[in-house]
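Observations on the model geometry
The residues making up each chain are set out below.
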Amino acid sequence: MSPITCIIVDDEPLAVKLLESFATRTPQLQLEHSFTDSVEALNWLKDHPVNLAFMDIQMPDLNGMELSHMLPEGTKVIFTTAFKEYAFESYEVSAVDFLLKPIRYNKFIAAVEKAERLMSLECKAGNMEGVESAPKKTMFIRVDGELRQVNFDHLIYVEGMKDYVRFHVEGEPRPLTTHMTMKAVEDALPTDTFMRINRSYIVRLDKIRTVDRNLCVYIGDEIIRVTDAYREAFENYCSGNC
């Protein structure tokens, strides 16, 4: 894999110097520029895109959260801050990682390796696009800042929870939770194998053990009722497979 090009954006000169020292001793990284002004960084990035940005959150004029929404497509972010209360907000903007000041090198290199794994997975996923071959059998979802590949053969059902969904996968100790809509999941899954049976659940049809007289589906550790909006399609499937 080519070196990860990166920049540093922090209004504290001492913090910039520390991150520069970390970046220059990390073989995976190629430091392109450092900034103490977030607006200057944004203008520079328009003509000089990079793979990764180390950014402070509390900065004048344009803070790190605001800047993260304005970065060129494909630029990953690792936030650096002295305020741990920003951790959840950094997850909401899909940051690769969140480094709490004072930053130690072992935490820095762990975040870089996390970014490296994420970019590698995205590269593999991109290489698969446009290839005319067998039907798609996997999909990538973002879980805790990393891309996880879900094999449809092992997916039992998907559960919707407001703006998040939980993928229940065989062999996983707990559901994989990601920020995604049920509609997006429904569009990604093959319709000959998966079916939405109510507003909050999509099931893999060949994983269903039992359907009772009340049209309750027994699958995995769950009992899911088929609601009226999806009843006809599900009954047609059942009658066609009797």
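The structure displayed is predicted, hence computed values, not measured ones.

**Section: the overall build of the chain**
The secondary structure content of the chain amounts to 7 helices and 15 strands. Residue pairs in contact within the chain that sit at least 24 positions apart in sequence constitute 49% of those at least 6 positions apart.

**A few points about the sheet that holds strand β13 (residues 208–211)**
If you trace the 3 strands from one edge of the open sheet to the other, you get β13-β14-β15, paired in antiparallel fashion. Since the sheet does not close on itself, it has two edges, and those belong to β13 and β15 (222–225), each with one partner. Sheet twist, expressed as the average angle between the axes of neighbouring strands with direction ignored, equals 25 degrees.

**Considerations on unusual backbone geometry**
The phi torsion of most residues other than glycine is negative, and most of the peptide bonds are trans. In this model, Lys101 is joined to Pro102 through a cis peptide bond whose omega is 0 degrees. By the element assignment, Pro102 lies in the loop between β5 (97–100) and α5 (105–128). The backbone of Asp61 shows a phi angle near 70 degrees, a positive value even though the residue is not glycine. Structurally, the position occupied by Asp61 is in the loop between β3 (52–56) and α3 (64–68). Using a relative accessible area of 70% as the deciding quantity, one classes Asp61 as exposed. Of note in the backbone geometry, Leu215 takes a positive phi value of approximately 60 degrees without being a glycine. By the secondary structure assignment, Leu215 is in the loop between β13 and β14 (216–219).

**Brief notes about the environment of Asp37**
On the secondary structure map, Asp37 appears in the loop between β2 (29–35) and α2 (38–45). Along the primary structure Asp37 and Asp10 are separated by 27 residues, whereas in three dimensions their C-alpha atoms are 7.1 Å apart. A polar atom in the side chain of Asp37 sits 3.0 Å from the backbone nitrogen of Glu40.

**As for the side chain of Lys101**
Tracing the sequence through the fold places Lys101 in the loop between β5 and α5. By relative accessible area, which is 19% here, Lys101 ends up buried. In this structure the side chain of Lys101 is engaged in a polar contact, spanning 2.7 Å, whose partner is the side chain of Asp10. Setting aside anything within four residues of it in sequence, one finds Lys101 in contact with Asp10, Glu12, Ala15, Asp56, Thr80, Thr81 and Ala82.

What counts, and at which threshold
Residues numbered from 1 in each chain as written. Predicted model: local features only at pLDDT ≥ 70, side-chain atom pairs only at ≥ 80, totals over all residues. Heavy atoms only, no water. Helix = DSSP H or I, 4+ residues; strand = E, 2+ residues; numbered from the N terminus. Contact = heavy atoms within 4.5 Å. Pairing = 2+ DSSP bridges. Axes fitted to C-alpha atoms, helices over the stretch in contact; angles between N-to-C directions. Buried < 20%, exposed > 50% of the residue type's maximum accessible area, 1.4 Å probe, protein only. Polar contact = N/O pair within 3.5 Å; in protein donor to acceptor, adjacent residues only side chain to side chain.

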